[in-house]
Amino acid sequence: MEDELILKENPTLGDLQRYVRKMKEMRQLNLTDPRLDCMMLAEESGELISAVRKHMKGGSVGSGSQTGEIELEMADVLIILLGMANMHGVDLEQALRRKEEINKQRIWKRI
Ligand SMILES: [Mg+2]
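Rules of the game
- Residues numbered from 1 in each chain as written.
- Predicted model: local features only at pLDDT ≥ 70, side-chain atom pairs only at ≥ 80, totals over all residues.
- Heavy atoms only, no water.
- Helix = DSSP H or I, 4+ residues; strand = E, 2+ residues; numbered from the N terminus.
- Rg over C-alpha atoms; globule rule 2.2 N^0.38 Å.
- Donors = N, O, S within 2.8 Å, 3.2 Å for Na, K, Ca; no water.
- Buried < 20%, exposed > 50% of the residue type's maximum accessible area, 1.4 Å probe, protein only.
- Core = buried A, V, L, I, M, F, W, Y, C linked by side-chain atoms within 4.5 Å.
- Contact = heavy atoms within 4.5 Å.

## Observations concerning the overall build of the chain
- Counting its secondary structure elements, the chain contains four helices and zero strands.
- Traced from its N-terminal end to its C-terminal end, the chain shows the element sequence α-α-α-α.
- For 111 residues, the compact-globule formula gives about 13 Å, and the C-alpha radius of gyration of the chain, at 17 Å, lies well above that figure.
- Reported as C-alpha extents along the three principal axes, the dimensions of the chain are approximately 40 × 40 × 30 Å.

See the structure below:
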């Protein structure tokens, strides 16, 4: 059954959202509870930050490479975010475009 789950080469953001929708359906993961996804996003974000902290300390982490764990935790965060977008009917590419149009109007202050 997992064999049917194929992520195409050079996917668009929409392709990634569709892949995550299918993956969550096939694995019977949360498709309806927005609170659970919020908790998962916080948890996975914490794991990503922890991996970054380990990397900053010079630790050898993850799958042999120094950034291996960071890479995998970033993927976890992305998966949760894509699932949240699906749950809320958000087209992430359109959201990004819309937000960047807003950001272009902002005046950015350097700290
Ligand atoms: Mg994780």
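So that's the structure; there's more coming.
## Topic: the coordination of the magnesium ion
- Every protein donor of the magnesium ion is accounted for by Glu44 (OE), Glu47 (OE), Glu73 (OE) and Asp76 (OD), and the metal-donor separations fall at 2.0 to 2.2 Å.
- Taken in sequence order, the residues that donate to the magnesium ion follow the motif E-x2-E-x25-E-x2-D. Residue Glu44 is found in helix α2 (residues 34-56), and its partner Glu73 is found in helix α3 (residues 68-87); the two are separated by 29 residues along the sequence. Each member of the pair, Glu44 as well as Glu73, is classed as buried.

## Considering the nonpolar core
- One finds Leu5, Leu16, Val20, Met23, Met26, Leu82, Ala85 and Leu92 forming the largest nonpolar core, which totals eight residues.
- Mapped by element, the contributors of at least two residues to this core are α1 (13-26) and α3.
- Each residue touching Leu82, except ones within four places of it in the same chain, is listed here: Leu13, Leu16, Gln17, Val20 and Leu92.

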